[in-house]
Amino acid sequence: SASDTPLLPMNFCSDCGQPVSLKIPDDDTRLRHVCSHCGTIHYQNPKMVVGSIPLWRDDERVLLCRRAIEPRHGYWTLPAGFMENSETTEEAAARETMEEAGARIELKGLFSLMNVPHVHQVHLFYRAHLLDLDFSAGVESLEVKLFREEEIPWNDIAFPTVSQTLRLFFDDLKAHRSGQPFGVHSRDIRKRMRP
Ligand code: ZN
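Because the structure is predicted, anything quoted here is derived from the model rather than measured.

A word on the coordination of the zinc ion
Six octahedral donors at a metal ideally form angles of 90 or 180 degrees, and four tetrahedral donors ideally form angles of 109.5 degrees.
And step 1. Around the zinc ion, the protein contributes the donor atoms Cys13 (SG), Cys16 (SG), Cys35 (SG) and Cys38 (SG), which lie 2.3 to 2.4 Å from the metal centre.
And step 2. One way to put it: the four donor atoms around the zinc ion meet at angles of 100 to 118°, and that makes the site tetrahedral.
And step 3. Mapped onto the sequence, the donors of the zinc ion take the spacing C-x2-C-x18-C-x2-C. In this pair, Cys16 is assigned in the segment before strand S1 (20–23) and Cys35 in strand S2 (residues 32–35), connecting sequence segments 19 residues apart.

Some remarks on the pattern of salt bridges
And step 1. All chains considered together, the criterion is met by twelve salt bridges.
And step 2. The salt bridge involving Arg95 is made with Glu87; its shortest N-O contact spans 2.7 Å.
And step 3. A salt bridge links Lys174 to Asp171, with the nearest nitrogen and oxygen atoms 3.9 Å apart. A residue pair is termed a helical-turn pair when its members lie 3 or 4 positions apart in one helix, as Lys174 and Asp171 do in helix H2 (residues 160–177) at three residues.
And step 4. Among the residues examined, Lys174 registers a relative accessible area of 37% and is labelled partly exposed.
And step 5. A single salt-bridge network, built from bridges that share partners, covers Glu87, Arg95, Glu96 and Glu99.

Things to note about H2
Note that an α-helix has 3.6 residues per turn; residues three or four places apart therefore point the same way.
And step 1. With 18 residues, H2 should cover 26 Å at 1.5 Å per step; its first-to-last C-alpha distance of 26 Å lies within 8% of that length.
And step 2. Along H2, the positions that sit buried rather than exposed are Thr161, Val162, Ser163, Thr165, Leu166, Leu168, Phe169, Phe170, Asp172 and Leu173.
And step 3. Positioned one or two residues after H2, Gly179 has a phi angle of 95°, which is positive.

Thoughts on helix H1 (residues 89–101)
And step 1. Across its 13 residues, H1 extends 18 Å between first and last C-alpha, which sits within 8% of the 18 Å expected from 1.5 Å per residue.
And step 2. Taken as a whole, H1 has its buried residues at Ala92, Ala93, Arg95, Glu96, Thr97, Glu100 and Ala101.
And step 3. Tucked into the core, H1 has its buried residues touching strand S4 (47–56), strand S5 (61–67), strand S7 (80–82), strand S8 (105–116), strand S9 (121–130) and strand S10 (141–147).
And step 4. Positive phi appears at Gly102, one or two residues downstream of H1, with a value of about 55°.

With respect to the sheet that holds S1
And step 1. Pairing in this open sheet of three strands is antiparallel, and the strands run S1-S2-S3 from one edge to the other. Because the sheet does not close on itself, it has two edges, and the strands there are S1 and strand S3 (41–42).
And step 2. In this sheet, S3 lies alongside S2 in antiparallel orientation, the contact comprising two bridges. Along S3, the bridge assignment pairs His33 with His42.

So, the nonpolar core
And step 1. Core analysis: the biggest nonpolar cluster contains 23 residues, and Val62, Leu64, Leu78, Leu166 and Phe169 have the highest contact counts within it.
And step 2. Elements supplying a minimum of two residues to this core: S4, S5, S8 and H2.
And step 3. A per-element tally of this core places H2 first, with six residues.
And step 4. When neighbours within four sequence positions are excluded, Val62 is seen to be in contact with Ile53, Pro54, Leu55, Leu78, Lys145, Leu146, Phe147, Leu166, Phe169 and Phe170.

Here we look at the environment of Arg61
And step 1. Following the sequence through the fold, Arg61 ends up in strand S5.
And step 2. Overall, Arg61 belongs to the partly exposed group, its relative accessible area being 21%.
And step 3. As for Arg61 and Thr88, which are separated by 27 residues in sequence, their C-alpha atoms are 27 Å apart.
And step 4. Beyond its immediate chain neighbours, meaning those up to four positions away, Arg61 contacts Pro54, Leu55, Trp56, Leu146, Phe147 and Arg148.
And step 5. Within the local environment of Arg61, its side chain forms a polar contact with the side chain of Asp59, the two groups lying 2.7 Å apart.

Definitions and limits used
- Residues numbered from 1 in each chain as written.
- Predicted model: local features only at pLDDT ≥ 70, side-chain atom pairs only at ≥ 80, totals over all residues.
- Heavy atoms only, no water.
- Donors = N, O, S within 2.8 Å, 3.2 Å for Na, K, Ca; no water.
- Tetrahedral: all angles 85-135°; square planar, octahedral: opposite > 155°, others 65-115°.
- Helix = DSSP H or I, 4+ residues; strand = E, 2+ residues; numbered from the N terminus.
- Salt bridge = Lys/Arg side-chain N within 4 Å of Asp/Glu carboxyl O.
- Buried < 20%, exposed > 50% of the residue type's maximum accessible area, 1.4 Å probe, protein only.
- Expected span 1.5 Å × (residues − 1).
- Contact = heavy atoms within 4.5 Å.
- Pairing = 2+ DSSP bridges.
- Core = buried A, V, L, I, M, F, W, Y, C linked by side-chain atoms within 4.5 Å.
- Polar contact = N/O pair within 3.5 Å; in protein donor to acceptor, adjacent residues only side chain to side chain.

This is a description of form; function is not addressed.
Structure below.
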């Protein structure tokens, strides 16, 4: 049954409109939604969420956005969002940073890769330098603001991938001051067990 699979619900075929059913196709090992009429197999795969860590020069402040949308309305996040078809991850990071924070950035290297298997997502964050201070909240943000490490509202960060990325980033920033290169960090974020 559907409760045994990580699939999102689907009732009708997006190709022909007829009902779909759950079955394991030939030469496959997992349940899929398969159209009873045209035979299309509707595969579901993880989505990419891509964002940036915009840093303002040498004063070591990072730009965060306060979310104007659900989920996590009112909580702070790095600028990030779903990657679109036919763009690269770097284009997605720059676009989301412009849309959510009105900020122009120069992208640096990839910094973190976070698997979030229970929500079927992979989050990527790039280091970035703000080109100027002419940023402003986009329609999906209530406000955007620069934070030093000690000013980060750790209890009001929207997502664990963002708080983990920020902690890793400020650690690397300290190491960077003594000449170390920035790392690339891969983490798996598991669903928190209910007490
Ligand atoms: Zn169909």
